[in-house]
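Fold and geometry: a report
In case you want the letters, here they are:
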Amino acid sequence: MGNVDISQESVSSKGKPNRQAPAAAAPLLVSNLGWNAEEAKETRARLAALEEDWDAPGMEAYDQL
C-alpha cells in the first residue's frame, strides 16, 4: 500500500473512479504514517493472524483489483 493521488483519477462511463496504481510505488514507511514504535508493534500483532491467508497461493490475484 502507498499513498494514492486521487487528483489523477479518471471517471468511467458509469461514473465510478478508475484508480490506477503508481508504476513504481515507494515503500510505505511507518514513520511516514506518524506512528510510534508501540503503535507499529500493536498493528503488526493484529495483522499477524492474517499472514497465512495473505501469503497463500493465488492471493496475488487480489493485487490486480
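Residues numbered from 1 in each chain as written. Predicted model: local features only at pLDDT ≥ 70, side-chain atom pairs only at ≥ 80, totals over all residues. Heavy atoms only, no water.

Side note on the pattern of salt bridges
If you walk through the whole model with that rule in mind, you get 2 salt bridges. The partner of Arg-46 in a salt bridge is Glu-42, with the nearest N and O atoms 2.8 Å apart. In this pair, Arg-46 and Glu-42 both sit in helix H2 (residues 37–47), 4 residues apart, roughly one turn of the helix. Linking Arg-44 and Glu-51 is a salt bridge whose minimum nitrogen-to-oxygen distance equals 3.4 Å. For Arg-44, a relative accessible area of 46% corresponds to the partly exposed category. Since its relative accessible area comes to 38%, Glu-51 is described here as partly exposed. (Salt bridge = Lys/Arg side-chain N within 4 Å of Asp/Glu carboxyl O. Helix = DSSP H or I, 4+ residues; strand = E, 2+ residues; numbered from the N terminus. Buried < 20%, exposed > 50% of the residue type's maximum accessible area, 1.4 Å probe, protein only.)

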